[in-house]
Structure formats: C-alpha cells, structure tokens
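# Residue-level structure breakdown
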Amino acid sequence: HKCISDIYVGENEIIAKLHLDKKYEDVIGEYTLYPGLLDSAFQSTLGIPSNEKQKTSGAALPFAISRMSVYGKTENDLWVHNKRPCDTDTLLLSA
C-alpha cells in the first residue's frame, strides 16, 4: 500500500499525511489501525534526515515497535509525527 500522500521534513522530524484509498473503505472498519496505514507510518520514518552517527554507519530502517498507543479507530486519512530526539538512533512515532 502506498498511503503517504504528503510529507514535511524538519531538522530531526517529519510530519506525514497518510491516505488510504477509498477502495479499502469496506474493510478499514475491521481494524483499529489498518495494516497499510501502519506500514506507511513506518515507511515515513525514512524521510527523517540522518544524524551524524548514521552518516558513518549507514541508513536506519525501522523494524520494531516497543510501545504504541491507539486512541480510537482510524479513518482513511491519518497524520503521523516521527521525531528523532537529540542525536540518538531512537525514532519516536506518533499517529
């Protein structure tokens, strides 16, 4: 699923707008967070500029979630905020 419709890049963060195509409207209600939107939220982290450590060690790829909060069922449109605190390898994802 290609759900990233817009992405805004800051120094250590991005904000991405995700949009799920209307052809999935029949099944989105079956999920609290539709898998295609979750996948796109992860993909959006690749838009965050590299920190100094990554410039020497290669690109960081998101591969695990240690904690996630979902406050209700999602709709077809979703905003995601990804942030790298200070100069660490950690990425924070809020949807």
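Everything numeric here is computed off the predicted structure, so don't read it as measured data.

### What about the pairing of strand β1 (residues 4–9)?
When a strand is regular, its side chains alternate between the sheet's two faces. In the sheet, β1 pairs with strand β2 (residues 13–19) via 5 bridges, with the strands oriented antiparallel. Paired with D6 across the strands is K17, a residue of β2. The hairpin formed by β1 and β2 contains 3 residues between the paired strands.

### So, the packing of aromatic side chains
What the rule picks out here adds up to 3 aromatic pairs. Here Y24 and Y34 contribute two aromatic rings whose centre-to-centre distance is 5.7 Å and whose plane-to-plane angle is 45 degrees, an arrangement assigned as tilted. Placement of the pair is Y24 in the loop between β2 and α1 (25–28) and Y34 in the loop between α1 and α2 (35–44), with a sequence separation of 10 residues. Measuring from centroid to centroid gives 5.3 Å for Y31 and Y34, while their planes differ by 90 degrees, and the two rings are edge-to-face. Owing to a relative accessible area of 34%, Y31 belongs among the partly exposed residues under this scheme. Following the ring pairs from residue to residue traces out a cluster consisting of Y24, Y31 and Y34.

Conventions we followed
- Residues numbered from 1 in each chain as written.
- Predicted model: local features only at pLDDT ≥ 70, side-chain atom pairs only at ≥ 80, totals over all residues.
- Heavy atoms only, no water.
- Pairing = 2+ DSSP bridges.
- Helix = DSSP H or I, 4+ residues; strand = E, 2+ residues; numbered from the N terminus.
- Phe/Tyr/Trp six-rings, centres within 6.5 Å; stacked < 30°, edge-to-face > 60°.
- Buried < 20%, exposed > 50% of the residue type's maximum accessible area, 1.4 Å probe, protein only.

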